[in-house]
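Per-entry structural report
Residue-level listing of the chains:
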Amino acid sequence: LHPGDADDVYDPLSMLARALELRGNVAESEALFRAAAEMADRLANRSQPYTRGTSRLNLARVIARQGRLAEAETEARGGLARMLEMLEPGDSNIGLAQVQLAGHLERLGRREEALVLAEEGLAVLEAVQPEGHSEILTARLILARILAGLGRTAEAVVRASRFPPLGERSSGAIAESLRRE
């Protein structure tokens, strides 16, 4: 890597941060994701306008993995705000940001607020991604976890079961896995 701000520095920096995260080095990963997020804000990349938001969402994820949930929420909100500023309504990146923020809010116990965001994000993803896409599956599972946390387990099972591979499992097994969360 060379010093300075450039797209050809941002991408490898983010990839290195992700590799460290996957290896369990979340503190080191956080430092690199933070540097990448600050760089993305300075670059304000017009060819990949989602980069500013995605970099904040990556940072939020590793902060949350360290148990700093309120700080993770702040970063996730910042990521969503950047997405809303830079992207057209209905862009799948906005849906992803809404779902990720919903996940942070659920972990903070703010399930009603999380539910609204998760449903909005899932609707965006279902409108633009093909059925069976991994982003839709992830959003449905996060929504199901929120619903289960609200005591709406039967609805959680139905919502999660709409994805074909999960639909093949028994409803009892899905309900049990939601209760364990």
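On to the overall build of the chain. Across its full length, the chain holds 10 helices and zero strands. For the chain, the α and β elements follow one another from N to C terminus as α-α-α-α-α-α-α-α-α-α. Taken across its 181 residues, the chain has 46% of its residues classed as buried. Considering only residue pairs separated by 6 or more positions, the chain has 56% of its internal contacts joining residues 24 or more positions apart. Of the roughly 8800 Å² of accessible surface on the chain, 53% is carried by carbon and sulfur atoms.

Summing up the model confidence of the chain, the mean pLDDT is 87 and the portion of residues at 70 or higher is 83%. Low pLDDT, under 50, characterises residues 165–170; the predicted model gives this stretch eight contacts beyond four residues in sequence or across chains.

Moving on to the environment of Leu137. Relative to the helices and strands, Leu137 resides in helix α7 (residues 134–149). Here Leu137 falls in the partly exposed class, since its relative accessible area comes to 23%. Separated by 12 residues in the primary sequence, Leu137 and Leu125 have C-alpha atoms spaced 9.8 Å apart.

In this section: the nonpolar core. With 45 residues, the main nonpolar core has Leu80, Met83, Leu101, Ala102, Leu117, Leu143 and Ile146 as its most contacted residues. Those residues in contact with Ile146 that sit more than four places away from it in its chain are Ala102, Glu106, Arg111, Ala114, Leu115 and Ala118.

A few words now on the packing of helix α4 (residues 69–86) against helix α5 (residues 92–107). Look at α4 against α5: their axes get within 9 Å of each other, and the N-to-C directions meet at 160°. One way to sum up the angle between α4 and α5 is to call them roughly antiparallel. Regarding α4 and α5, the two cross each other, and that crossing is left-handed. Taking contact as the criterion, the partners of Leu69, Ala72, Glu73, Ala76, Arg77, Leu80, Met83 and Leu84 in α4 are, on α5, Asn93, Ile94, Ala97, Gln98, Leu101, His104, Leu105 and Arg107. Looking at the contact of α4 with α5, its residues break down into 10 nonpolar, three polar and three charged.

Inspection of the secondary structure assignment puts Arg52 in helix α3 (residues 51–65). Setting aside anything within four residues of it in sequence, one finds Arg52 in contact with Ala40, Asp41, Ala44, Arg82, Glu85 and Met86.

Take helix α2 (residues 26–43) next. Compared with the 26 Å implied by 1.5 Å per residue over 18 residues, the 25 Å span of α2 between its first and last C-alpha is a close match. For α2, the set of buried residues is Val26, Ser29, Glu30, Leu32, Phe33, Ala36, Ala37, Met39 and Ala40. Looking one or two places after α2, you find Ala44, whose phi comes out positive at around 45°.

What follows is about the packing of α5 against α7. If you want to describe how two helices pack, look at the angle between their axes and the distance between the axes. It is the contact of α5 with α7, at a shortest axis distance of 10 Å, that shows an interaxial angle of 30°. Judged by the angle between their axes, α5 and α7 are roughly parallel. Pair α5 / α7 crosses with left-handed handedness. Across the interface between the two elements, Ser92, Leu96, Val99, Ala102, Gly103 and Glu106 of α5 pack against Glu135, Ala139, Ile142, Arg145 and Ile146 of α7.

What follows covers the environment of Ser29. You can see Ser29 is positioned in helix α2. It is 8.5 Å that separates the C-alpha atoms of Ser29 and Leu59, two residues lying 30 residues apart in sequence. Once you skip the residues sitting within four places of it in the chain, Ser29 turns out to touch Ala17, Leu20, Glu21 and Val62.

Here is what the cut-offs are and how they apply
- Residues numbered from 1 in each chain as written.
- Predicted model: local features only at pLDDT ≥ 70, side-chain atom pairs only at ≥ 80, totals over all residues.
- Heavy atoms only, no water.
- Helix = DSSP H or I, 4+ residues; strand = E, 2+ residues; numbered from the N terminus.
- Buried < 20%, exposed > 50% of the residue type's maximum accessible area, 1.4 Å probe, protein only.
- Contact = heavy atoms within 4.5 Å.
- Areas by Shrake-Rupley, 256 points an atom, 1.4 Å probe, with all protein chains shown as cover.
- pLDDT = per-residue confidence, 0-100.
- Core = buried A, V, L, I, M, F, W, Y, C linked by side-chain atoms within 4.5 Å.
- Axes fitted to C-alpha atoms, helices over the stretch in contact; angles between N-to-C directions.
- Parallel < 35°, antiparallel > 145°, perpendicular 65-115°, else oblique.
- Left-handed = near helix turned anticlockwise from the far one by under 90°.
- Nonpolar A, V, L, I, M, F, W, Y, C, P; charged D, E, K, R; others polar.
- Expected span 1.5 Å × (residues − 1).

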